[in-house]
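Observations on the model geometry
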Amino acid sequence: MKKLVGYIVLVLWCVSCVQQPATTPTNSIDAKVTALMEQMTWEEKIGQLHQVEGGQLTPQLYSEIAEGSVGSLLNCPKHLVNDVQRIAMQQSRLGIPLLIARDVIHGFKTIFPIPLGQAATFNPTLVEKGAEIAATEASSEGIRLTFAPMIDITRDPRWGRIAESLGEDPYLTSVLGVAMVKGFQGNDLTQSNKVAACAKHFAAYGFSEGGRDYNIADVSEHQLREVILPPFKAVADAGVASFMPSFNEINGVPASANAYLFKQILRGEWGWKGTVISDYFSIKQIKTQGFCETEAQTAALAIETGIDVDMMSYVYHQYLDSLLMDGSVSEKAINDAVRNVLTLKYKLGLFDNPYVDTLAQPVHYDVSHLAVAKQAAIEGAVLLKNEHNLLPLSASQLNSVAIIGPMADAPAEQIGTWCFDAEPSRSITPLMAITKELQDGPIIHYVPGLNYSRDVNTNQIERAVSAAKKSDVVLLFVGEEAILSGEAKCRARLDLPGAQAQLVAAVAATGKPVVMVVMAGRPLCIGNEIANANAVLYTFHGGTMAGPAISDLLFGKSIPSGKLPVTIPQAEGQIPIYYYQKETGRPPHHFTLIDDIPVGAKQTSLGFCTYWLDTGIEPLYPFGFGLSYTQFTYSDIQVSHQNFSATDTITVTCTITNTGKYNAYEVAQLYVHDPVASLTRPVKQLKGFQKVFIKAGEQEKVSFKLTNNDFAFWNAHNQFVAEPGTFTLYVAPSSDVAKGCSVSVVLE
Ligand code: GLC
């Protein structure tokens with residue numbers, strides 16, 4: 001018997017040897033991180049969580065790097081990168097490389113349209129290419145992490161950071177946010193021309209009350225799940241390397257201390273593994289926001305929330321060791337954060353090569369980069385109006401052209417906000433491009449009229465008027481200086497700044513044909529100015545190549561295809577106004593506008609429906625709107641399943657006919673409406689778009705595929721479900737779906 005037992009033990013031992021769980025290969029990142037962490041002191045671990053400005057190699061910074069007390073730098077110039085990396089690699093005890101980070105939001109040297117302008121392209125391939133080029137240029141200067149894409153949903157153009165956003169729609173923002181992540185990160189982060197991306201700002205920053213930056217966001221769980229979180233989930237699923245909390249509080253809890261967002265949702269429900277980097281000072285601000293009493297408590301709250309890196313608050317640096325000693329902070333919280341940071345550094349290949357190749361061929365402003373930037377500016381321009389087909393202009397039929405306005409030759413303004421490394425001297429302005437386009441052609445009369453967008457000195461307007469009077473057509477460039485949009489640049493009035501409205505009125509009064517080009521960082525409430533112009537091109541801030549793009553569009557070398565990624569309000573009082581409104585119990589089927597109300601009207605005489613007396617219900621221009629030089633009609637919508645089940649994929653097709661005389665792109669949009677559900681649903685939601693090229697006189701059939709998820713929503717029990725019932729599908733040229741086709745389908 002004893003022999004049998006001994007035998008069984010022997011057999012089991014052999015089996016256990018053979019079936020030993022495969023130990024993590026020593027070369028795996030996880031194994032490397034584990035091995036490194038086992039050597040690290042707590043001071044060295046906390047050092048990895050400390051991110052500071054790297055603009056100057058001060059003696060303090062030198063010693064902090066050499067002691068291993070700094071893990072990453074933001075804003076470190078190229079000429080310092082190799083110095084600081086050598087200190088980290090050769091002088092610190094464990095030789096851990098630094099992570100160099102910077103805001104590369106819409107280009108590094110070659111500047112693309114602001115993200116809101118890129119969103120107007122409805123072209124994820126182009127947006128991805130732009131991010132790829134930005135990564136190539138930025139990484140050539142040692143930057144290996146960018147704080148982009150910014151995927152905050154916002155419906156509030158008062159908020160300066162709408163410029164950095166991809167607009168009001170969760171679907172469009174999700175698609176383009178993923179495109180940016182792919183462009184920045186590629187398929188292999190160890191490639192030296194790739195950079196880690198950062199999904200920001202998590203979350204609800206675009207819902208800052210009053211459109212006032214840093215203000216509170218008070219949103220329902222439903223709004224969070226339905227509108228705010230989907231783009232973040234999309235980029236998390238796409239493998240974005242890092243996340244950044246927002247400055248605002250969400251329902252009373254500052255984002256940097258918001259365990260619901262970062263532990264329950266991001267790490268828990270979504271299972272996202274990556275590195276969370278705080279916003280600038282955002283951890284220390286937790287105290288200012290009144291969420292704790294001391295700076296040390298801000299560090300404890302943030303690290304336990306899962307904010308891995310402290311950007312510039314210095315509170316991890318100052319307090320984590322004592323918090324660890326007194327038990328206020330767990331070893332696990334610090335170890336998890338350190339693992340996330342070191343894992344990112346290994347993924348970036350920094351341990352093998354943290355240095356910049358100073359002998360490499362320069363890549364900045366490569367002609368191929370400029371070409372893509374120009375294409376993005378072309379496709380990001382939205383044609384809002386074109387009376388009597390004034391555009392495109394024919395140079396051969398013009399004797400003289402007036403170029404007027406403070407944005408016609410403003411190289412620093414056209415590149416927009418958030419481009420620290422741009423060189424305005426490389427901008428090609430509309431004046432420069434049109435002068436080149438019209439050389440040996442019509443005479444150009446250039447009079448800015450105002451020296452800059454906020455200029456209130458009207459003494460040049462008379463000269464502008466006389467230039468208009470002696471010209472066949474007026475090209476009027478208006479908008480906002482770059483400094484009027486971006487972080488902490490919120491505006492309560494969304495008019496044209498300065499005396500631009502007077503300039504537009506004076507030029508329009510000449511009776512000459514006026515083409516108005518708007519170069520701004522947000523939608524502006526400029527209905528009066530648009531009424532004064534015969535054609536209007538809304539280009540946002542178009543970047544380095546804005547000039548050549550605008551010139552090509554005005555003279556017909558390119559055809560406008562841009563669509564609004566955000567609603568343009570008639571007036572600030574309509575805000576928030578967006579296309580996915582709800583029906584309400586009093587839909588605005590008919591109403592009386594303020595000027596039509598009879599004097600002495602009785603209280604109940606106007607009826608009762610949801611609208612504004614002075615503006616009606618409609619915005620100035622709806623989401624998804626954009627004209628072309630040609631015309632398109634939508635017909636023959638078809639569905640593969642009139643009735644479908646939760647496991648079916650529906651194919652929706654629609655025929656689009658180019659009935660005009662120009663070959664052009666059209667962005668066909670697919671919207672879904674669920675008229676009856678356990679929670680009220682928006683009157684329509686974008687669930688697909690196709691940018692299709694159609695030759696004049698020809699047709700193309702667009703096709704969309706819908707699955708159960710496209711009909712699902714977050715119900716009252718916080719479940720994402722599609723409920724049986726009838727749905728209406730629209731395929732249309734904008735969110736004004738009456739101009740497209742529709743069909744009903746039934747989910748059984
Ligand atoms: C800023 C912004 C954030 C940016 C960070 C670093 O305040 O909120 O978007 O990435 O600081 O510059």
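Here goes a summary of the coordinates provided.

Rules of the game
Residues numbered from 1 in each chain as written. Predicted model: local features only at pLDDT ≥ 70, side-chain atom pairs only at ≥ 80, totals over all residues. Heavy atoms only, no water. Near = heavy atom within 4 Å. Polar contact = N/O pair within 3.5 Å; in protein donor to acceptor, adjacent residues only side chain to side chain. Areas by Shrake-Rupley, 256 points an atom, 1.4 Å probe, with all protein chains shown as cover. Nonpolar A, V, L, I, M, F, W, Y, C, P; charged D, E, K, R; others polar. Helix = DSSP H or I, 4+ residues; strand = E, 2+ residues; numbered from the N terminus. Salt bridge = Lys/Arg side-chain N within 4 Å of Asp/Glu carboxyl O. Pairing = 2+ DSSP bridges. Contact = heavy atoms within 4.5 Å. Axes fitted to C-alpha atoms, helices over the stretch in contact; angles between N-to-C directions. Buried < 20%, exposed > 50% of the residue type's maximum accessible area, 1.4 Å probe, protein only. Right-handed = clockwise from strand over helix to strand, strands pointing away.

A word on the site of the ligand
Every residue lining the ligand is accounted for by Asp103, Phe147, Arg161, Lys200, His201, Met244, Phe247, Asp279, Tyr280, Met311, Trp418 and Glu487. Take His201: an N or O atom from its side chain is 2.6 Å from an oxygen atom of the ligand. When the free accessible area of the ligand is taken as 310 Å², the share hidden by the protein chains comes to 93%. Per-class residue counts for the shell around the ligand are six nonpolar, one polar and five charged.

Here's the deal with unusual backbone geometry
A cis geometry characterises the amide bond from Leu391 onward to Pro392, with omega recorded as 0°. Structurally, Pro392 can be placed in the loop between strand E11 (382-386) and strand E12 (400-404). Across the junction of Ile575 and Pro576, the peptide omega takes the value 5°, indicating a cis bond. Turning to its location among the elements, Pro576 is positioned in the loop between helix H21 (546-554) and strand E17 (632-639). For Asn718, which is not glycine, the phi dihedral falls at a positive 60°. Within the fold, Asn718 resides in the loop between strand E23 (713-714) and strand E24 (720-721).

Quick word on the pattern of salt bridges
Counted by the stated rule, this structure contains 26 salt bridges. Measuring nitrogen to oxygen at the nearest pair gives 3.4 Å for the salt bridge that ties Lys200 to Asp103. Residue Lys200 is located in strand E5 (residues 198-202), and its partner Asp103 is located in the loop between strand E3 (99-102) and helix H6 (115-119); the two are separated by 97 residues in the primary sequence. Across the salt bridge formed by Lys109 and Glu423, the nearest N and O atoms sit 3.8 Å from each other. Within this pair, whereas Lys109 is found in the loop between E3 and H6, its partner Glu423 is found in the loop between E12 and helix H17 (430-437), the two being separated by 314 residues in sequence. Among the ionic contacts, a cluster of salt bridges with common partners joins Glu480, Arg491, Asp495 and Arg522.

Topic: the sheet that holds strand E9 (residues 275-276)
Strands in a sheet are paired, the pairing made by backbone hydrogen bonds, and the direction either parallel or antiparallel. Taken in spatial order, the three strands of this open sheet run E5-E6-E9, and their pairing is parallel. For this open sheet the edge positions go to E5 and E9, each flanked by a neighbour on one side alone. For strand E6 (residues 242-245) and E9, the ladder comprises two bridges, and the chain directions are parallel. Considered in E9, the bridge of Ser242 is made with Thr275. Against the sheet, helix H10 (residues 230-237) engages E5 and E6, with an angle of about 155° to E5.

Concerning the environment of Glu572
By the element assignment, Glu572 lies in the loop between H21 and E17. The partly exposed category is assigned to Glu572, whose relative accessible area is 24%. As a C-alpha pair, Glu572 and Leu627 span 55 residues in sequence and 24 Å in three-dimensional space. Those residues in contact with Glu572 that sit more than four places away from it in its chain are Ala492, Arg493, Leu494, Asp495 and Cys525.

Details of the pairing of strand E16 (residues 535-538)
Regular strands place side chains that alternate from one sheet face to the opposite one. Burial along E16 is two-sided: the face carrying Ala535 and Leu537 and the face carrying Val536 and Tyr538 are both buried. Judged from the four bridges that link them, E11 and E16 form a sheet pairing that is antiparallel. Counted as the bridge partner of Val382 is Tyr538 from E16. In this structure, strand E15 (residues 514-519) lies alongside E16, joined through four bridges in parallel fashion. Counted as the bridge partner of Val518 is Tyr538 from E16. What joins E15 to E16 is helix H20 (residues 527-532), and the crossover it makes is right-handed.

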